[in-house]
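Working through the structure, step by step
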Amino acid sequence: MIKLDNFSSFFVANWKLNGNFQFIDQFINNVSLPTDNSKCVVICPTSIHLDYMSKNKNGFHVGAQNVSEYAEGAFTGEISVHSLSDLNISFCIVGHSERRQIYREKDKGINLKSKRLIENNVIPIICIGETLEHKEKGITKEILEEQLMHSIPSSSSFENSIIAYEPIWAIGTGLTPTFEEIDETHCFIREYNEKFNKYKILYGGSVKASNAREITDLSNVDGALIGGASLKSEEFTKIIGD
Ligand code: 13P
């Protein structure tokens, strides 16, 4: 398992349902890794492209976007943690809001997926976040508490898991909380349970070249989870810095 403490920051590219072989070749040619090797840059392509990315990773780390909560068996279309291990995949996003909202994933299943990943030395990047409605009702903290309490397995620790805070209203919208709000929410997550104190906590939602530095420099932020801007080589190179 990757030693998370070896890194000062994490930049995780979530390509969602985008990219193909040609795109990966161009990306690897055009995006230069930072000279600062305390920055961990993780690319999460579609599952079909994990093998190719893994064989051509050129210094990038590779992560999956999802895994089955089941180890094996009659679950058509699912991808098992053993398949990820076979490809030496180091990270896996779990509980992304698109999975929670579109595919109705619940905290219990997210907990199980994370547990399986940890057992197999793959680091889950466990996503939590509130909707605009939650925010407007002023119940963000209650929602995050609920997600933290139920989606993070007891086997999780700062050494084997990462938490990602992604306000749903900030994903793909160009909107972000203020820097103070981001830091305050990350601080809230850290303090919610003593156990989370030493966790790497990433921020996601409309991270781009023009705000990445200020966000990742916040004292309670250990990196970023990046969607749209991670598909643009030049923009992503600026985000990860040098
Ligand atoms: P955007 O960076 O496109 O807002 O997406 C964020 C995200 O969902 C990363 O997981």
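Structure's up top.
To start, this report covers the structure provided alongside it. (Residues numbered from 1 in each chain as written. Predicted model: local features only at pLDDT ≥ 70, side-chain atom pairs only at ≥ 80, totals over all residues. Heavy atoms only, no water.)

All right, on to the packing of helix α5 (residues 107–119) against helix α7 (residues 140–151) then. Where α5 meets α7, the axes come as close as 8 Å, and the angle between the chain directions of the two elements is 45 degrees. Viewed along their axes, α5 and α7 adopt a mutual orientation that is oblique. Only Glu146, Gln147, His150 and Ser151 of α7 make contact with α5, whose side of the interface consists of Asp107, Ile110, Asn111 and Ser114. A breakdown of the residues in the contact of α5 with α7 according to their chemical character gives 1 nonpolar, 5 polar and 2 charged. (Axes fitted to C-alpha atoms, helices over the stretch in contact; angles between N-to-C directions. Helix = DSSP H or I, 4+ residues; strand = E, 2+ residues; numbered from the N terminus. Parallel < 35°, antiparallel > 145°, perpendicular 65-115°, else oblique. Contact = heavy atoms within 4.5 Å. Nonpolar A, V, L, I, M, F, W, Y, C, P; charged D, E, K, R; others polar.)

Another point: the site of the ligand. In the vicinity of the ligand, 13 residues are found, and the nearest of them are Lys16, His96, Gly172, Ser206 and Gly228. A distance of 2.8 Å separates an oxygen atom of the ligand from a polar side-chain atom of Lys16. With respect to the ligand, the backbone of Gly228 contributes an N or O atom lying 2.8 Å from an oxygen atom. Compared with its free state, where it exposes 300 Å², the ligand has 94% of that area covered by protein. (Near = heavy atom within 4 Å. Polar contact = N/O pair within 3.5 Å; in protein donor to acceptor, adjacent residues only side chain to side chain. Areas by Shrake-Rupley, 256 points an atom, 1.4 Å probe, with all protein chains shown as cover.)

Picture a little ball the size of a water molecule; that probe, rolled over the atoms, points out where space is still empty. Taken as a whole and judged by the stated rule, the model has 1 cavity of 30 Å³ or more. Looking at the largest cavity, its volume works out to about 40 Å³. Surrounding the largest cavity, Gly95, Ser97, Arg100, Cys127, Ile128, Gly129, Glu166 and Ile168 form its lining. For the lining of the largest cavity, the secondary structure elements donating two or more residues are α4 (97–102) and β5 (123–128). The residue makeup of the lining of the largest cavity, split by class, is 3 nonpolar, 3 polar and 2 charged. (1 Å grid on protein atoms, 1.4 Å probe; cavity = no way out; pocket = protein on both sides within 12 Å on 5 of 7 lines; lining within 4 Å. Points joined across faces, edges and corners; volume = space filled by probe spheres on them.)

Turning next to the state of the cysteines. Taken as a whole and assessed by the stated rule, the structure comprises 0 disulfides. The closest cysteine sulfur to the non-disulfide-bonded Cys92 is located on Cys44, 7.8 Å from its own sulfur. (Disulfide = S-S within 2.5 Å.)

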